[in-house]
Amino acid sequence: MTKSSEIRIGIIGLGFMGRTHLAAYRSVISAGAKARIAAVADPNLERALTAGGGNLGSGTDAGSLARSIGDAERFSSAAALLESGTIDLVSICTPTDTHVDLGIAAVNAGVHVLLEKPVATSSTEVARLLKVAEASPKVLVMPAMCMRFWPGWPWLKDRIEEANDGRGDFGRFVGVTLQRLGSGPTWSREFYSDPARTGGAITDLHIHDVDFALWCFGPPRMVTSVGTIDHCSTLYRYANGPHHVVAQGGWNHAAGFPFTMRFVAVFEDATVVFDLSND
């Protein structure tokens, strides 16, 4: 950190997710967080200023992106930003196959890292970053698994914990069905059309519900998945946990299919539904 209490934030990659991070930082700064957007990096800033896309809306459209960046330093490469010494924390919002190397470079520069998911498409690659991060205990490296913070999901986890402890108003927890479905991404087409780089929907999209299941219930005894890398359903089996945990994720629906993010949680005395399409 700097000698002052202000956190200097950098963003690498100003595509859809980079603009989403930028909007989120602007929101918390406006709410009083002692931070500022200090630097951004993108190899084609002009492209970033006109690009669109995204399932959920980034909150920063092309017309307002320049204003959101403000007087932040602008770099054409991630390396130049990380070597500049101008930031304390960086959001890495680049294609999946660049995450590990950029994360390692940020850690080596002494910069805290918020790394977009998935960290990588293989555990071997994740292990490379983990090794460097563990050797640098003063630097925080965090995957951006946003469902742990998304309104509705932390609430459900709290209700599950209450039920498991014999507290709460819903009675015994029975199980949950998680859904995350949409048509294929229309942004970053070159990247998303290559499953060798993305890992398909099972890695890029389904991972959110995998993470939520692990957060709530821990590692399962057994996992059964059916489908393809672009649309799969997974059943999680627990020796001493809920009897019914199912997650479905896919992006192989026809163009125009609305993005669906939903859970149906069943308790002994209540059924709780969250659906993104409902206000």
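In case you missed it, the structure is sitting above this.
J.: What is the right way to read the pattern of salt bridges from this model?
T.: Pairs can form between side chains of opposite charge whenever their charged atoms are close. Tallied over the entire structure, the rule returns twelve salt bridges. For Arg8, the salt bridge identified is with Asp88, shortest N-O distance 3.1 Å. Of this pair, Arg8 sits in strand S1 (residues 7-12) while Asp88 sits in the loop between helix H4 (78-83) and strand S4 (89-92); the two residues are 80 residues apart in sequence, bridging distant segments of the chain. The same class applies to Arg8 as to Asp88, namely buried.

J.: Which parts of the structure should I look at to understand the packing of helix H7 (residues 153-164) against helix H11 (residues 207-217)?
T.: Each pair of packed helices can be described by the angle between their axes along with the distance between the axes. Where H7 contacts H11, the two axes come as close as 10 Å, and the packing angle between them is 30 degrees. Taken together, the axis directions place H7 and H11 in an arrangement best described as roughly parallel. For the pair H7 and H11, the crossing hand works out as right-handed. Contacts between H7 and H11 involve Trp153, Pro154, Leu156, Lys157 and Ile160 on the former and, on the latter, Asp209, Phe212, Trp215, Cys216 and Phe217. Considering only residue class, the contact of H7 with H11 consists of eight nonpolar, no polar and two charged.

J.: Explanation requested: the nonpolar core in the structure shown.
T.: Nonpolar side chains in soluble globular proteins tend to end up buried together. The biggest cluster of nonpolar side chains holds 29 residues, and the ones touching the most others in it are Leu156, Phe173, Val176, Phe217, Phe263, Ala265 and Phe267. Put simply, the parts of the chain that give this core at least two residues each are H7, strand S7 (173-183), helix H8 (189-192), H11, strand S10 (244-253) and strand S11 (260-267). When near neighbours in sequence (up to four residues on either side) are disregarded, Phe263 contacts Gly152, Trp153, Leu156, Val176, Thr177, Leu178, Val272, Val273 and Phe274. Listed in part, the 23 residues of the second largest apolar core include Ala38, Val100, Ala106 and Leu115.

J.: Would you mind going over the side chain of Thr203 with me for this structure?
T.: The topology assignment puts Thr203 in helix H10 (residues 200-204). Residue classification places Thr203 among the buried positions, given a relative accessible area of 18%. Separated by 3.1 Å, the side chain of Thr203 and the backbone oxygen of Gly199 make a polar contact. Among residues more than four places away in sequence, those in contact with Thr203 are Pro118, Ala120, Thr121 and Thr198.

J.: Would you mind showing me how to read the sheet that holds strand S12 (residues 271-275) here?
T.: What holds strands together in a sheet is hydrogen bonding between their backbones, with the strands either parallel or antiparallel. Across the sheet, six strands lie side by side as S8-S9-S10-S7-S11-S12; this open sheet has mixed pairing. The sheet is open, and its two edges are formed by strand S8 (222-228) and S12, each paired on a single side. Direction aside, neighbouring strands of the sheet carry axes that sit 10 degrees apart on average. The pairing of S8 with strand S9 (residues 231-237) spans seven bridges and is classified as antiparallel. Each bridged residue has a counterpart across the sheet, and for Ser225 the counterpart in S9 is Thr234. Against the sheet, H7 engages S7, S11 and S12, with an angle of about 15 degrees to S11. Here H11 sits on the sheet in contact with S7, S9 and S10, set at roughly 165 degrees to S7.

Parameters at a glance
- Residues numbered from 1 in each chain as written.
- Predicted model: local features only at pLDDT ≥ 70, side-chain atom pairs only at ≥ 80, totals over all residues.
- Heavy atoms only, no water.
- Salt bridge = Lys/Arg side-chain N within 4 Å of Asp/Glu carboxyl O.
- Helix = DSSP H or I, 4+ residues; strand = E, 2+ residues; numbered from the N terminus.
- Buried < 20%, exposed > 50% of the residue type's maximum accessible area, 1.4 Å probe, protein only.
- Axes fitted to C-alpha atoms, helices over the stretch in contact; angles between N-to-C directions.
- Parallel < 35°, antiparallel > 145°, perpendicular 65-115°, else oblique.
- Left-handed = near helix turned anticlockwise from the far one by under 90°.
- Contact = heavy atoms within 4.5 Å.
- Nonpolar A, V, L, I, M, F, W, Y, C, P; charged D, E, K, R; others polar.
- Core = buried A, V, L, I, M, F, W, Y, C linked by side-chain atoms within 4.5 Å.
- Polar contact = N/O pair within 3.5 Å; in protein donor to acceptor, adjacent residues only side chain to side chain.
- Pairing = 2+ DSSP bridges.

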